[in-house]
Amino acid sequence: MERRWFIQKISGSTLLLSLPPLLSNCSKDPTDPIDSSGSTDESTPYNLLTDRRINTLNQSEFELLTDTQEFQLHDYKLNGYSINGVYPSPTIKTSKGQQLKIDFKNRIGNRCIIHWHGLIVPPLMDGHPSLAVSSGEDYNYVFEINQRAGTYFYHSHTHGLTANQVYKGIAGFFIIEDQEEAALNLPKGNYELTLLLQDKRTTSNELIYTPTQMEARMDGYLGNQIFVNGVPNAKHKVEKTVYRLRLLNGSTARILNVSWSNQMDMTLIGTDGGLLETAQHLTHILLAPAERVDILVNFSKVNDSIVKLISAESDLIKTSSGGGMMGSNFTQGTPMDMILFEIQDKEGPNYSHPPQLSVINYPSLESAERIRTITLEMLMQTGHAINGRQYNPQQIEFEVPQGAVEIWKFTNTTVVAHPMHLHGVQFRVISRSNRGVQKWEEGLKDTVLVLPGETVEILVHFTAQPGLYLFHCHNLEHEDAGMMLNYAIV
Ligand code: C2O
Ligand code: CU
Ligand code: CU
């Protein structure tokens with residue numbers, strides 16, 4: 001039988017993306033090493049790198065055509081949105097210094113705009129929600145890549161609909177490469193995997209996005225299962241060698257506690273804004289929505305023939321007030337499997353990383369000109385707010401002089417976690433009350449998790465062009481409900 005994905009024209013513009021049945025006897029193509037079905041013997045071949053579902057866009061000029069589409073993600077139907085006919089969205093790959101021309105074509109039957117999360121681009125290129133275009137219209141992006149290599153993110157930023165549109169498919173990797181990183185000769189090709197981690201609610205065989213007002217006011221819309229690149233119970237066959245895994249938490253609300261099922265160390269080489277200066281060895285990483293990590297794993301060091309990448313139980317992020325309205329699966333901090341690696345008896349190329357990975361140039365703490373205090377709070381009438389305010393397209397919270405170095409100090413007075421994100425910058429985390437700055441926060445960041453009761457300070461260098469930018473909570477239910485403010489670079 002046909003092993004690959006095939007697209008069937010049903011009627012009009014509705015396309016059904018079909019998958020081979022779960023327990024098929026299809027023969028496997030050795031170049032397609034990712035398996036994704038729940039069965040351990042015979043399973044659907046699946047490889048992010050070679051499967052046509054995720055294509056890589058590496059030209060300097062291309063189109064992003066968004067449309068409505070019905071997907072069948074194994075047992076689950078999703079009435080979602082495709083980009084260039086696929087789900088999840090294609091991976092954009094480019095390099096420092098490149099000029100990009102991207103023609104965004106909105107055909108989803110609703111307003112939409114794309115934001116390049118983590119990229120420092122001019123205000124009109126940043127995907128501010130006020131720039132959203134109606135269905136049938138286009139938005140033309142032209143910008144130059146002026147920043148270091150890293151694992152970035154692009155997604156819909158339509159105010160009030162961001163979570164919905166991300167859940168339904170408008171979210172993908174945006175990878176920047178540069179010479180500093182190339183010199184490290186990191187694992188690539190089949191030895192480099194980009195894994196988009198998203199929780200979904202699989203309580204029925206249709207994946208629906210229906211947050212209640214209470215969910216939106218508490219932990220957000222939580223699923224009970226993690227899909228990896230759109231695949232539930234994901235599996236992948238690997239060789240006994242070093243792999244590079246780029247992880248992106250593309251969930252609307254779920255915070256992942258990333259670790260290995262056998263509790264081995266993770267070798268962290270990069271975060272939101274690219275490579276760390278030196279690798280960190282960690283047993284777990286709290287990865288909030290929109291955060292990314294770049295890790296190395298040596299499968300030849302695993303004693304067993306399988307190992308799972310999991311989200312381990314975490315008391316730190318369990319909501320004390322019992323935010324999960326629907327039972328224990330729908331709360332933060334519950335243990336979940338993400339992807340199972342089957343280690344084959346085959347040696348791959350050897351790799352060991354150098355002690356020094358990169359050099360991060362950033363202004364010193366002493367050069368900070370001012371401190372801005374930002375209080376995250378819950379307003380009884382309206383929900384989560386920042387400094388007592390909620391999103392108003394007309395209002396600008398802070399005016400920051402271009403080139404300024406500032407300390408932004410976030411205090412979370414609420415009972416739930418808020419991953420705070422700034423557009424137009426990469427920052428450094430300089431202090432965190434209670435827990436201290438975590439090892440995975442030592443590089444450049446664009447999103448930082450602020451837990452209940454915590455105060456987190458970040459050092460920010462505002463180098464982007466003057467104009468309107470945003471800062472907001474990246475729990476997308478919170479963001480859509482108004483936990484987002486404008487700031488301007490002047
Ligand atoms: Cu990833 Cu304003 O967002
Ligand atoms: Cu962003
Ligand atoms: Cu929030």
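One can find the structure itself at the top, above this paragraph.
Residues numbered from 1 in each chain as written. Chains lettered and ligands numbered in written order. Predicted model: local features only at pLDDT ≥ 70, side-chain atom pairs only at ≥ 80, totals over all residues. Heavy atoms only, no water.

A. Geometry of the overall build of the protein. The secondary structure content of the protein amounts to four helices and 33 strands. The buried share among the 490 residues of the protein stands at 60%. Across the protein, the fraction of contacts at a sequence separation of at least 24, relative to all contacts at a separation of at least 6, is 75%. A total of about 17,900 Å² of accessible surface is found on the protein, and carbon and sulfur atoms cover 48% of it. (Helix = DSSP H or I, 4+ residues; strand = E, 2+ residues; numbered from the N terminus. Buried < 20%, exposed > 50% of the residue type's maximum accessible area, 1.4 Å probe, protein only. Contact = heavy atoms within 4.5 Å. Areas by Shrake-Rupley, 256 points an atom, 1.4 Å probe, with all protein chains shown as cover.)

B. Fine view of the pattern of salt bridges. Enumeration over the complete set of coordinates arrives at 29 salt bridges. One salt bridge in this structure joins Lys445 and Asp272, with 3.1 Å as the shortest N-O distance. A residue pair is termed long-range when its members are at least 10 positions apart, and Lys445 in the loop between strand 29 (427-432) and strand 30 (447-450) and Asp272 in the loop between strand 18 (266-271) and strand 19 (274-282) qualify at 173 residues. Looking at Lys445, the relative accessible area reads 2%, which means it is buried. Between Glu454 and Arg432 there is a salt bridge; the shortest N-O distance is 2.6 Å. Residue Glu454 is located in the loop between strand 30 and strand 31 (455-461), and its partner Arg432 is located in strand 29; the two are separated by 22 residues in the primary sequence. For Glu454, a relative accessible area of 2% gives the class buried. Several salt bridges converge on common partners, so that one network encompasses Glu181, Glu192, Arg244, Arg246 and Asp294. (Salt bridge = Lys/Arg side-chain N within 4 Å of Asp/Glu carboxyl O.)

C. Highlighting the environment of Phe410. You can see Phe410 is positioned in strand 27 (residues 405-412). By relative accessible area, Phe410 is classed as buried at 0%. Put simply, Phe410 and Arg432 are 22 residues apart on the chain and 9.5 Å apart in space, counted from C-alpha to C-alpha.

D. Geometry of the coordination of the copper ion (ligand 2). Those donors, His115 (NE2) and His421 (NE2), are the protein atoms that reach the copper ion (ligand 2), and they lie 1.8 Å from it. Placement of the pair is His115 in strand 8 (residues 114-117) and His421 in strand 28 (residues 418-422), with a sequence separation of 306 residues. For the pair formed by His115 and His421, the shared burial category is buried. (Donors = N, O, S within 2.8 Å, 3.2 Å for Na, K, Ca; no water.)

E. The arrangement of the packing of aromatic side chains in detail. This structure, assessed with the given rule, holds 23 aromatic pairs. With 5.5 Å between their ring centres and 70° between their planes, Phe462 and Tyr487 make a pair best called edge-to-face. On the criterion of sequence distance, the pair formed by Phe462 in the loop between strand 31 and strand 32 (467-473) and Tyr487 in strand 33 (residues 484-489) is long-range, its members being 25 residues apart. The exposure class of Phe462 is buried, given its relative accessible area of 0%. Members of the aromatic cluster, connected to one another through ring pairs, are Trp116, Tyr139, Tyr141, Phe143, Tyr154 and Phe174. Geometry around Tyr167 places Lys200 over its ring, the cationic atom sitting 3.9 Å from the centre. (Phe/Tyr/Trp six-rings, centres within 6.5 Å; stacked < 30°, edge-to-face > 60°. Lys NZ or Arg CZ within 6 Å of the ring centre and 35° of its normal.)

F. Fine view of the coordination of the copper ion (ligand 3). Surrounding the copper ion (ligand 3) are the protein donor atoms His418 (ND1), Cys473 (SG) and His478 (ND1), at 2.0 to 2.1 Å. Within one chain, the residues serving as donors to the copper ion (ligand 3) are arranged as H-x54-C-x4-H. Note that His418 is positioned in strand 28 and Cys473 in strand 32, a separation of 55 residues in sequence. Exposure class is identical for His418 and Cys473. Each is buried.

G. Region of the structure containing the layout of surface pockets. Of the voids in this model, the largest pocket is the one considered here, and its volume is about 550 Å³. Lining the largest pocket are 25 residues, and of these Ile120, Asn146, Gln147, Arg148 and Thr463 sit closest to its centre. Tallied by class, the residues present in the lining of the largest pocket amount to twelve nonpolar, eight polar and five charged. (1 Å grid on protein atoms, 1.4 Å probe; cavity = no way out; pocket = protein on both sides within 12 Å on 5 of 7 lines; lining within 4 Å. Points joined across faces, edges and corners; volume = space filled by probe spheres on them. Nonpolar A, V, L, I, M, F, W, Y, C, P; charged D, E, K, R; others polar.)

H. Spatial organisation of the sheet that holds strand 28. Across the sheet, five strands lie side by side as 26-33-32-28-30; this open sheet has mixed pairing. At either margin of the open sheet sits one strand with a lone partner, and together these are strand 26 (396-400) and strand 30. Sheet twist, expressed as the mean angle between neighbouring strand axes with direction ignored, is 25°. Sheet topology places strand 28 next to strand 32; three bridges connect them, and they run antiparallel. Residue pairing in the sheet places His421 in a bridge with His472 of strand 32. (Pairing = 2+ DSSP bridges. Axes fitted to C-alpha atoms, helices over the stretch in contact; angles between N-to-C directions.)

I. Spatial organisation of the pairing of strand 13 (residues 225-228). The alternating pattern of strand 13 places Gln225 and Phe227 and Ile226 and Val228 on opposite faces, both of which are buried. Relative to strand 13, strand 12 (residues 192-200) is paired through four bridges, and the arrangement is antiparallel. The residue of strand 13 that forms the bridge with Gln198 is Phe227. Between the antiparallel neighbours strand 13 and strand 14 (residues 231-232) lie two residues, among them Asn229 with a positive phi of about 50°.

J. Local environment of unusual backbone geometry. A cis amide bond links Tyr87 to the next residue, Pro88, at an omega of -10°. Note on placement: Pro88 falls in the loop between strand 5 (76-83) and strand 6 (91-95). For Asn84, which is not a glycine, the phi torsion comes out positive at approximately 50°. Along the chain, Asn84 falls in the loop between strand 5 and strand 6.

K. Here's a closer look at the nonpolar core. Counting residues in hydrophobic clusters, the biggest one holds 42 residues, and the most contacted among them are Leu247, Trp260, Phe299 and Phe341. Residues within four places of Phe341 in sequence aside, it is in contact with Leu193, Leu195, His236, Val238, Leu245, Trp260, Phe299, Ser305, Ile306, Val307 and Leu309. In this structure, Trp408, Ile458, Cys473 and Leu485 belong to the second largest nonpolar core, which totals 33 residues. (Core = buried A, V, L, I, M, F, W, Y, C linked by side-chain atoms within 4.5 Å.)

L. Inspection of the side chain of Arg292 at higher detail. By secondary structure assignment, the location of Arg292 is in strand 21 (residues 292-298). Arg292 sits in the buried class, given a relative accessible area of 1%. A polar contact is formed between the side chain of Arg292 and the side chain of His117, at a distance of 3.4 Å. A distance of 2.7 Å separates polar atoms of two side chains, one belonging to Arg292 and the other to Asp446. (Polar contact = N/O pair within 3.5 Å; in protein donor to acceptor, adjacent residues only side chain to side chain.)

M. Examining the sheet that holds strand 15 (residues 234-240) more closely. Spatially, the five strands line up as an open sheet ordered 15-23-22-17-20, and their pairing is mixed. Two strands bound the open sheet, and with one partner strand each, they are strand 15 and strand 20 (285-287). Ignoring which end each strand starts from, the neighbouring axes of this sheet average 25° apart. Relative to strand 20, strand 17 (residues 256-260) runs antiparallel, the two being bridged by three bridges. Bridge pairing links Asn257 to Leu286 in strand 20.

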